[in-house]
Amino acid sequence: MTMTSVAALPLPRSIYIEPTSRCNELCQQCPRTLLSREEDRDLSFDEFRRIVDQFPVLERVVLHGLGEPLLNKDLPRMISYLKARGVYVLFNSNGILLNAKRGQALIDAGLDEYRLSMDGATREMYARVRGVDAFDKVWRNVGAFIAMQKEQSADKPAVSLWFTAMKENLRGLPVLIDLAYEHGIREVYLQRLVYFEQGLANSRQALFRRALPEELELVRRCERMCQERGIAFTAAGSATPMESLSRDFGEHPWSGCQRPYTLTYITSSGNVLSCCFAPFGHRSAREYHEQRVLGNIFKEPIEAIWHGERYEAFRRAFESDHPARHCACDSRYRLSRYMAGVAISRAIRVAAALNQPLSSTDRCSSES
């Protein structure tokens, strides 16, 4: 009996939905800027509802993709719709559009987390990395938003800062920590760079297993700074920043990934992808549509896509020595080849068959 016949997987309870593929920045490490992409469009509220209503149980929804979520005027309605179902809702945002009106709408809708993407500690570095001159505006917006929360005693959304660490911008991290503290942010996350040899998303910028001793010492200093200021300093997947940059994940670093069995990612055009890594590293629009897209939720129901041959073929490849290229984050955190662990895949399917969640220690270390 093949692995894929062990159990009929239940639909995921954690999903990504991209409210818009439009963006008001031109980040120099982002596939939206550097690679072919889907058409620019907003997801309508009716389309959003058609998607969400196909999932009988939802626990967590991430309302972002490659675009800036606040560009979609229906975003607060989407959040409210999910919160009425008891879903935990979050998204990453660049903060450019976070004015008082939008901020109040997010508070009123019940958003759980607002994650500020901030990759430069100065106006110049911000413009270098993110392609627009908006550093000062973003900090004014975020400061005013947090002040508004305090005035209303609103404990949600939790505001955190997400920093993509590169050789180019790492020296500014202590300044960003100070700025976060001054503006009332008490969570800072360090993200490793996913690179595909375009723009700033190239191996020369990567720190994972390539950081110099002085760069690692800077990260340690940032850990001490955060501890002194009462700031939680973490990496994606609950690792410490030092672990994230230097840990040896072994010969098969992604053998514990659960995403093919527990999560799906839906773009504003309705295309269903395996996860948030799928838009990275494709060499052409043709490769993206033929190898990354597993179906379209506007053309067939998610039940048919999730259990369909294309998704199952993707999972079979994932369980083999030759997974799909877009899965392959190897020990250099690069999109290339890797082997998926068969044992964890079996555990996931058996747990699904018994309708039991996996323990937190089994969760994919890249989950964010």
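Residues numbered from 1 in each chain as written. Predicted model: local features only at pLDDT ≥ 70, side-chain atom pairs only at ≥ 80, totals over all residues. Heavy atoms only, no water.

Colleague: Residues and numbers for the packing of aromatic side chains, please.
Modeller: Per the stated rule, a full pass over the model turns up twelve aromatic pairs. Judged by centre distance (5.6 Å) and plane angle (25°), the ring pair of Y16 and Y265 falls under stacked. In this pair, Y16 sits in strand 1 (residues 14-17) while Y265 sits in strand 8 (residues 263-266), placing the two residues 249 residues apart along the sequence. A single burial state applies to Y16 and to Y265, both of which are buried. On the numbers, 4.9 Å between centres and 70° between planes, the contact of W306 with Y311 is edge-to-face. Both residues of the pair, W306 and Y311, count as buried. In textbook terms, an aromatic cluster arises when at least three aromatic residues are bridged by ring pairs, as seen for F45, F48 and Y81. The ring of F208 is capped by R192, whose NZ or CZ atom sits 4.3 Å from the centre of that ring. The residue whose ring lies beneath R315 is W306, and the NZ or CZ to ring-centre distance is 4.4 Å. (Phe/Tyr/Trp six-rings, centres within 6.5 Å; stacked < 30°, edge-to-face > 60°. Helix = DSSP H or I, 4+ residues; strand = E, 2+ residues; numbered from the N terminus. Buried < 20%, exposed > 50% of the residue type's maximum accessible area, 1.4 Å probe, protein only. Lys NZ or Arg CZ within 6 Å of the ring centre and 35° of its normal.)

Colleague: How would you explain a positive patch on the surface if you had to name every residue and give the values?
Modeller: Where like charges cluster on the molecular surface, the positive patch consists of K101, R102, K137 and R140. Among the secondary structure elements, those contributing two or more residues to the positive patch are helix 4 (100-109) and helix 6 (135-152). Classification of K137 as partly exposed rests on a relative accessible area of 37%. (Patch = residues over 30% accessible without salt bridge, like charges linked within 9 Å, V, L, I, M, F, W, Y side chains within 5 Å. Areas by Shrake-Rupley, 256 points an atom, 1.4 Å probe, with all protein chains shown as cover. Salt bridge = Lys/Arg side-chain N within 4 Å of Asp/Glu carboxyl O. Lys, Arg positive; Asp, Glu negative; His and termini not counted. Charge placed at Lys NZ, Arg CZ, Asp CG, Glu CD.)

Colleague: Account for the packing of helix 4 against helix 6, with residues named and values stated.
Modeller: Remark: helix 4 packs on helix 6, axes separated minimally by 10 Å, with the N-to-C direction vectors making an angle of 50°. In terms of orientation, helix 4 lies oblique with respect to helix 6. Between helix 4 and helix 6 lies a crossing of right-handed hand. Contacts between helix 4 and helix 6 involve A100, G103, Q104 and I107 from the first element and F145, M148, Q149 and Q152 from the second. (Axes fitted to C-alpha atoms, helices over the stretch in contact; angles between N-to-C directions. Parallel < 35°, antiparallel > 145°, perpendicular 65-115°, else oblique. Left-handed = near helix turned anticlockwise from the far one by under 90°. Contact = heavy atoms within 4.5 Å.)

Colleague: Break down the nonpolar core for me, with residues and values.
Modeller: If you look at the biggest cluster of nonpolar residues, it comprises 80 residues, and the most contacted ones within it are L63 and L173. Here this core gets seven residues from one element, more than from any other, and that element is helix 6. In contact with L173, not counting residues within four places along its chain, are F163, L190, L218, C222 and F233. Counting residues in hydrophobic clusters, the runner-up holds 23 residues, among them L35, V194, L263 and V293. (Core = buried A, V, L, I, M, F, W, Y, C linked by side-chain atoms within 4.5 Å.)

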